[in-house]
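This is what each chain is made of:
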Amino acid sequence: MADVIQAMEVALEALPGRDGPDRAAALNELAKAQWRAALQEHDSSLLQEAISTIQQAVAMSEEIPNKQAGYLNNLGIFLADFASMKKSAAALEQSVDALERGNRCAPDHLRCTLLLNLANTLRTQYESRSLGGINGLNRAISTYRDGLDAKPTPSNKPKLLNGLGVSLLDRFEARHSLQDLQDACDAARKAVEESDEGHPFRAVFLNNYAYVLSGLFDYEPSMDILNISISWSQEAIDIAEEQQCSKLPLFVANLASSLIRRHRINNSQSDLGDAIEMLESTLASIVSSDPAWHLSSLTHSLALQYRFESFGAPEDIEACIANLTELREQLTEQEPLWPHIQSAFASALIRRCDVNAMVGDLDTAVRTLKDTADNLSEENPYASTVYGDLSVALLARFELRGSMDDLNLSRSTAQKALNLLPATSIDYTIALATCASALLRSYEETDDDALLNHAIDFYEDAVTHDCVWSRLRPGRLTALGFALQLRYGRHKRDVDWRRCSDVCQEAVDLSADSPTLYLSLGQKGGAFLEKARADADMSQRAIQLHQAISSLEQSLGLMPAHHSNRAPWLNNLGLACEMLYKDSGDQKAYTTALARYVEAAELPTGAPLQRVTAAYRALVLVGRSDIQESSKLALLAIRLLPTLSPRLLKGQEQESMISMFSGLGSYGAALLLEAGHDIVDAVNALETSRGVMNSLLIDTRTDLTALKERDESLAAQFADLCFMLESKSDPPSQLAHRGDSLDMSSESRIAAAKAFDDVVAEIRELDGFHDFLQPPTAAEYQALAVSSHIVFLNVASFRSDALVISSERMRKISLPKLKLEDAVKRANSLTEAIRNDDATTRMATNDHIRQLLSWLWASVVNPIQDELRRNIDEAKLRICWISTGIMTNFPIHAAADKASGDNAMDIIISSYGTTIKAIKFSQQRLAQITGRGGQALLVSMKETPGEKSLPFAEEEAESLLSLLRPLMPGTMLSYPPSQSGTAAPTKRSVLTELNTAAIVLLSCHGVADHDEPSLSRLLLSDWQSEPLTVADVTAQRLPCARTAYLSACHAAVGRSADLLDEGIHLAAAFQLAGFPQVVGTLWQVNDRRAMQVSRRVWEVLLAEDGRLKYELLGEALNTAVRELRESTKMSEDEDIDMEFDDEPFLWASFVYMGL
């Protein structure tokens, strides 16, 4: 070819003159030779020379329009090829311009050719998404039609019809007009009819007609259409093989895609095998730069996934994911196939997760699909698939982690996928079923009947819809059966049970030869279990249970060992056997129930909720009949409990999960003691199962001084990840072309949580850091108790104990008089008395509290202090109380025996802690802040919008400000403004000032939220719009914090019965934010009495040398409260000299948190 070009160049130089028609014609011939050589050698430089050459010919032909039109046609073709070679949008635009110029001056015989090439270029421009958008596609369609009106030659007419058909299909995929689809099919058919057997492009026409038919099949799902499409595809391949057509690999990919489609509909394994064989042969014969490589590799990957779904061979799904990973590395987001590849990759990860429950696969799938949707127009033909797959991935992740954000987004994306499809689409029923699944799971979380009914309607529609998806029918029937089972369980309507039973049996029958028969069997078993639970007739109940057990055992026998459904169905089988055992005493059923529960609990791929549920059920089943077995189950359940509250969940979601197993730690610790375990095992059980959420937060705030000295880089990584985990959220990403958004903050948090665990593991590899963030040892427990005994109060149904940690040893003190039933009654009575207290009921409130204090003395405090004083001569004991469960809101420090006069306040300096880990954190904070500066922050809310006045709040703050002024700078925020505090305390101003505060006094109203303790709040001037909540305070990291004095109601109490062990209240929040010492209250306080206590505390702390003796805060509060107690015995009328009963409602509420 080079010799030909050189000869033509020599001949060109020999021509006389520098222009003229002869030279232009010669330039045209030279340009064509250069063009052919450039395409053959894939040489863009030589193609650029051809373009330059033809441009000279065009310039020389201004006076000869007939000739110029031909040269412009060639220029347009060359530019289009250059654009394809270099991915140049500018070259495409130049091609369009050249062809339009040529069309304007073309003679009739050439016009049709120019229109054909112009239309082809406009369509290419649309497909490359370079310019023009849908308007450019409309121009292409119009131009093809102009060409057909221009009396095309027999050779050009089928080309025009073929181009028109493909363009109409493109427009259909963008606009979903069925008329475009019908017109595309007609045009493609006519292209085939207009081309004879010898037409050089007949194979192309046949392939495109087959492709359009496959598109038509999506909206007119007749197997005849699909079969005809496959037949034409095969003929196209036969011709292409004879002609050695370069597009053969593309034709093979299209045929394989249709064969795969037929397999997915009728489960034809021969179709799937043929598709895989021809794709593997094609991929072995072409290079990765071939235009068909990416489509062939994608189609091959999909085929492997479907074979995996049919036979479960792990190597198929692994090869599928590997192929798609390679494709993702090779292509960019601009490629038309990109959304399909991303969706296929995510779908493969979801399928792999189904059988191995690797939640990391779901995380990757969700992030992949969110990223894809973020850049995807709703007009994109893959948009519905992307949103549908995203919904499936989110729902699967919700099942494993329980994030309501995932569930809510699953619902919205499923609905979006459904909205993007017309009801005639073959994928419409798939979208219906996806939507129904999200609605059904939402019902399970909300008990909203409308969601359940809506889900059932969708499933029924998907089952009865006129659709060819016979392969999917068993799965849809199974899902419908579960939905009907739930509705039957809720409303006990026989019509629901009959329909449920029928569809479950049909699903089993249709799945008889399917490798996923276990899904239908498992649902059938669950349905009969639900029926048994509702059936009062014991004989019928036994029949239902045996049917449930049989179906579930068959299902589990067929199911892959790590399938995502295995844990819930093991739980169901365990429950069915447990019910049979309780009804009949069948010991075999008991043994099976226990074994299945334990298997579910120990299943590493099971969802945390399913595993903890199984362990808990096993524990309850065994009870105290076998203490040794129960103690093992207790250890298992407690070890699993923190997995319910992973770092990657939001606080309220963590609360929801933890609350389901309230009291498990106390019961488990009691079992361990009963079984003879060492006391440290019981303490570890309590530490593991309580304060789980706060424990995660403390981990991110651990002291890194030693780690920085050992490995500064690793310490920096750890600190960065801690910051990310504590950040509230990332900004949401914006979906392309819309105002909707997909929140990416959950994905960032998940990634940070994984990295956090990896870095912690790396730190533990360092010499001397093997115990980094590990639970304390017995020696470390005792080291914390140097200045004060630490006493756990543990109450269970069958025993109560004080677990005492002292510097010299750990021991337990039995509390036989402390009964769980009594504690529950007294706690409820206290709550009721506090809630109903006012001036008219105050006497009754005080009587109630006196009785409570007497009970606490007799059953709790006296036996403990008596044991601790044995052989020890101490004027006053120091005890840090860690109360568990129902004991957490009792004023242990105020226990007193009215008859003898003995009382805790006179012989014990009491303090409180939520967990030992929290105490250790506070002690580490004390060491870190020693010698640091800081200011005092005084907040007074004498008046509160919408609440009663606190007339002494301002005086309390002014008094402390005056006392501290010689020691440190102070800021006072007051509402209304006062002499010392001119600015109103708002949420923002208080949080800002806290950053530099060593001491803080908050004299204001406080509210304990009974439903969501993280929303318990302090009422500042803007509380109605911006309350300062527990969550707000917990989120702070306060570098100067030393002592927080919360002179506010309910500041040290949690009122949510299921979250008492989590220690979620305002005082604990201030400790987590950095204050190692906090004073708070257990109920509402009188502001005058609160001022008196506060003033006295600070007077005691101020030493003679003018410094504050922070370490005496416990003693100072004890002194102040005892003085208040004594003052309540005296009449406020000086003329009355007599002693009354004290008023514990006024004095017993004040507590100190710290050591």
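Bear in mind the structure is a predicted one, so any value in this text is a computation, not a measurement. (Residues numbered from 1 in each chain as written. Predicted model: local features only at pLDDT ≥ 70, side-chain atom pairs only at ≥ 80, totals over all residues. Heavy atoms only, no water.)

Draft legend 1. Quick look at the overall build of the chain. Summing up its helical and strand segments, the chain has 48 helices and 16 strands in all. Buried residues in the chain amount to 56% of all 1155 residues. At a minimum sequence separation of 6, the contacts of the chain that also span at least 24 residues come to 69%. By element, 49% of the accessible surface of the chain is carried by carbon and sulfur atoms, the whole surface being about 47400 Å². (Helix = DSSP H or I, 4+ residues; strand = E, 2+ residues; numbered from the N terminus. Buried < 20%, exposed > 50% of the residue type's maximum accessible area, 1.4 Å probe, protein only. Contact = heavy atoms within 4.5 Å. Areas by Shrake-Rupley, 256 points an atom, 1.4 Å probe, with all protein chains shown as cover.)

Draft legend 2. Focus on the sheet that holds strand β12 (residues 1017-1019). Spatially, β11-β12-β13 is the arrangement adopted by the 3 strands of the open sheet, whose pairing is antiparallel. The open sheet has two free edges, formed respectively by β11 (1005-1007) and β13 (1028-1029), since each of these has just one partner strand. Both β11 and β12 contribute to a ladder of 3 bridges, which runs antiparallel. For G1006, the partnering residue across the bridge sits in β12 and is L1018. (Pairing = 2+ DSSP bridges.)

Draft legend 3. Representation of the pattern of salt bridges in the model. Applying the stated criterion across every chain yields a total of 58 salt bridges. A salt bridge links E399 to R441, with the nearest nitrogen and oxygen atoms 2.7 Å apart. Of this pair, E399 sits in helix α18 (residues 383-401) while R441 sits in helix α20 (residues 428-446); the two residues are 42 residues apart in sequence, bridging distant segments of the chain. On the basis of relative accessibility, which here comes to 37%, the residue E399 falls in the partly exposed class. According to the relative accessible area criterion, R441 is buried, its value standing at 14%. Look at the salt bridges and you will find they share partners, linking D363, R397, R401, D406 and K754 into a network. (Salt bridge = Lys/Arg side-chain N within 4 Å of Asp/Glu carboxyl O.)

Draft legend 4. How the structure looks around the pairing of strand β10 (residues 997-1003). The buried count for β10 comes to 7 of 7 residues, which makes it a mostly enclosed element. The sheet contact formed by β10 and strand β14 (residues 1043-1047) spans 5 bridges and is parallel. Counterpart to L1001 in the pairing with β14 is Y1045.

Draft legend 5. Local environment of unusual backbone geometry. A cis geometry characterises the amide bond from Y975 onward to P976, with omega recorded as -5°. The topology assignment puts P976 in the loop between β9 (970-975) and α43 (987-994). Phi at H42 is positive, roughly 50°, even though this residue is not glycine. The topology assignment puts H42 in the loop between α2 (21-41) and α3 (44-59). The phi dihedral of K87 is positive, around 55°, even though this residue is not glycine. On the secondary structure map, K87 appears in the loop between α4 (65-86) and α5 (89-105). You can call K87 exposed: its relative accessible area is 69%.

Draft legend 6. Region of interest: the confidence of the model for the chain. In this model, the chain carries a mean pLDDT of 91, and residues with pLDDT of at least 70 account for 96%. Taken as a whole, residues 729-740 scores under 50 in pLDDT and shows 34 contacts with residues more than four places along the chain or in a different chain. (pLDDT = per-residue confidence, 0-100.)

Draft legend 7. Summary view of empty space enclosed by the protein. Going through the model one piece at a time under the given rule, you end up with 4 cavities of 30 Å³ or more. Reported here for the largest cavity is a volume of approximately 270 Å³. In this structure, the largest cavity is lined by 23 residues; those nearest its centre are T888, G913, T914, A1052 and H1065. Of all the elements in the fold, those that place two or more residues in the lining of the largest cavity are β6 (877-883) and β16 (1150-1153). Looking at the lining of the largest cavity, its residues break down into 11 nonpolar, 9 polar and 3 charged. Taken as a whole, the second largest cavity holds about 90 Å³ of empty space. Surrounding the second largest cavity, 13 residues form its lining, F661, S662, G663, S689 and D1061 being those nearest its centre. In the lining of the second largest cavity, the residues fall into 5 nonpolar, 4 polar and 4 charged. (1 Å grid on protein atoms, 1.4 Å probe; cavity = no way out; pocket = protein on both sides within 12 Å on 5 of 7 lines; lining within 4 Å. Points joined across faces, edges and corners; volume = space filled by probe spheres on them. Nonpolar A, V, L, I, M, F, W, Y, C, P; charged D, E, K, R; others polar.)

Draft legend 8. The nonpolar core, seen in detail. L594, V683, I790, F792, L803, I805 and I916 are the most contacted members of the largest nonpolar core, which has 107 residues in total. Sequence-distant contacts of I805, defined by excluding residues within four places in its chain, comprise V683, Y781, Q782, A785, S788, H789, I790, F792, M810 and I916. Counting 105 residues, the second-largest nonpolar core is a separate cluster that includes V791, L830, L1001 and L1020. (Core = buried A, V, L, I, M, F, W, Y, C linked by side-chain atoms within 4.5 Å.)

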